[in-house]
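Structural description and commentary
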Amino acid sequence: MTKLFEAENVSVRFGGLQALDGLSLEVEEGTIIGLIGPNGSGKTTFFNTVTGLCRTVGGRVLIDGENITGLQPRHIYQRGVSRTFQRSRLCLSLSVFDNVVIGRQNSLDLTLFGNLFRRRRFVESVRENHEQVHALLSTFSEPLAARIFDPLHRLNMIDRRRIEVCRALIANPRLLLLDEPSAGMTPDETHEFMGDILKVRSDHPRMSIIIIEHEMDVIQRVADHVVVLNFGKKVAEGTFDAVVANPWVQEAYLGTS
Ligand SMILES: Nc1ncnc2c1ncn2[C@@H]1O[C@H](COP(=O)(O)OP(=O)(O)OP(=O)(O)O)[C@@H](O)[C@H]1O
């Protein structure tokens, strides 16, 4: 197995609060890591640190051996790290197409000159973008692909989450970070969405995924390896079965002992 991603002793502080405390974590190519822990344990801060939104006070983050600590978010994105957010960052008044294609910002020609005067290229790029967005939506659901020009506010929660994942995937990431994708979904939608994640994995066998989830069913079904945080520290890791058998996890996180 090839190591794709590594966090080495990463620490983040917000004033007097130690949000991440010497966290180390490795991700092999093509694997799914489940990141769990109580509220406030530092999971989203970890994603924000990997994607360049939070500054570290110690440690390093590497992708393919390259140190990406402290780079601007757009440079980290260019190195193949895409994410979704716990609170949706979709624009409800725009179409499905617009919301997904914005994820290709690296390759879009956003200049007024280009779009006004290089008409043929503009038309070609719209056609190419349409094909790509349609193909991506189809991998999740054909009915969703048929609604490519619907405004987003007409879609239900699971389809909105799918759009967020499509927007992250259209950049062809090597590492995909999913921040609590099942939040706000019904149990049936959550179940369906687990199938989506596994489909994404089979379509992108070399891409790695880190998923933050409170739903243990989701973690059990999709994660190859589980990492448990508490107060910004790693307190357990291993297979799902090993982690849920850990007495600390049972008592502090699952509420059973
Ligand atoms: N920008 C910020 N400024 C100050 N404190 C912050 C900031 N972001 C997060 N925190 C604090 O850092 C700690 C870790 O927060 P974080 O959001 O990473 O936790 P989490 O494990 O993702 O929680 P949840 O499961 O509720 O989303 C919390 O105590 C939180 O209040």
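Here's a quick rundown of the structure. A quick note: this is a predicted structure, and the numbers were derived from the prediction, not measured. (Residues numbered from 1 in each chain as written. Predicted model: local features only at pLDDT ≥ 70, side-chain atom pairs only at ≥ 80, totals over all residues. Heavy atoms only, no water.)

1. Overview of the sheet that holds strand E3 (residues 32–36)
What counts here: The criterion for strand pairing is that DSSP finds at least two bridges linking the strands in question. By the criteria applied, helices consist of DSSP H or I runs no shorter than four residues and strands consist of E runs no shorter than two, each listed in order from the N terminus. Axis definition: a line fitted to C-alpha atoms, limited for helices to the stretch in contact. Angles are taken between N-to-C directions and run from 0 to 180 degrees.
Strand order across the open sheet formed by six strands is E6-E7-E8-E3-E9-E10, with mixed pairing between neighbours. Both edges of this open sheet fall to strand E6 (81–83) and strand E10 (233–238), since each of them pairs with a single strand only. Averaged over all pairs of adjacent strands, the angle between their axes in this sheet comes to 20 degrees, without regard to strand direction. Taken together, the five bridges between strand E9 (residues 225–230) and E10 define a ladder with antiparallel strand orientation. Bridging across to E10, valine 228 finds its partner in alanine 236.

2. So, unusual backbone geometry
Threshold: To sort residues, take the accessible area from a 1.4 Å probe on protein chains only and compare it with the maximum for the residue type: under 20% means buried, over 50% means exposed, and anything in between is partly exposed.
At asparagine 172, a residue that is not glycine, the phi angle is positive and equals roughly 55 degrees. By the secondary structure assignment, asparagine 172 is in the loop between helix H7 (157–169) and strand E7 (175–179). One non-glycine residue, phenylalanine 231, lies in positive phi territory at about 50 degrees. When you line up the elements, phenylalanine 231 lands in the loop between E9 and E10. Classification of phenylalanine 231 as exposed rests on a relative accessible area of 66%.

3. Examining the site of the ligand
What counts here: Whether a residue is near a molecule or strand is decided by its heavy atoms; if any one of them lies within 4 Å of it, the residue is near. For this analysis, a polar contact is any N or O atom pair within 3.5 Å, provided that within protein one partner can donate a hydrogen and the other can accept it, and provided that sequence-adjacent residues contribute only side-chain to side-chain pairs. Areas reported here follow the Shrake-Rupley algorithm with a probe of radius 1.4 Å; residue values treat only the protein chains shown as occluding.
In the vicinity of the ligand there are 13 residues, among which Gly40, Gly42, Lys43, Thr44 and Thr45 approach most closely. Here an oxygen atom of the ligand sits 2.8 Å away from a polar atom, N or O, in the side chain of lysine 43. The separation between an oxygen atom of the ligand and a polar main-chain atom of threonine 44 is 2.9 Å. For the ligand, the protein covers 60% of the area, taking 630 Å² as the surface of the free molecule. Put simply, the parts of the chain that give the shell around the ligand at least two residues each are strand E2 (17–28) and helix H1 (43–50).

4. Some details on the nonpolar core
This is how the line gets drawn: We define the nonpolar core as a collection of buried residues of types Ala, Val, Leu, Ile, Met, Phe, Trp, Tyr and Cys that are connected through side-chain atoms lying within 4.5 Å of one another. Any two residues having at least one pair of non-hydrogen atoms within 4.5 Å are treated as being in contact.
Judged by nonpolar contacts, the single largest core of 45 residues is most densely connected at Val100, Val133, Leu137, Ile163, Leu169 and Ile211. Counting residues per element, this core draws most heavily on H7, which supplies six residues. Discounting chain neighbours no more than four positions away, the residues touching leucine 169 are Leu136, Phe140, Leu176, Val200, His204 and Met207. Judged by nonpolar contacts, the second largest core, of 25 residues, contains Val10, Val27, Ile76 and Leu229.

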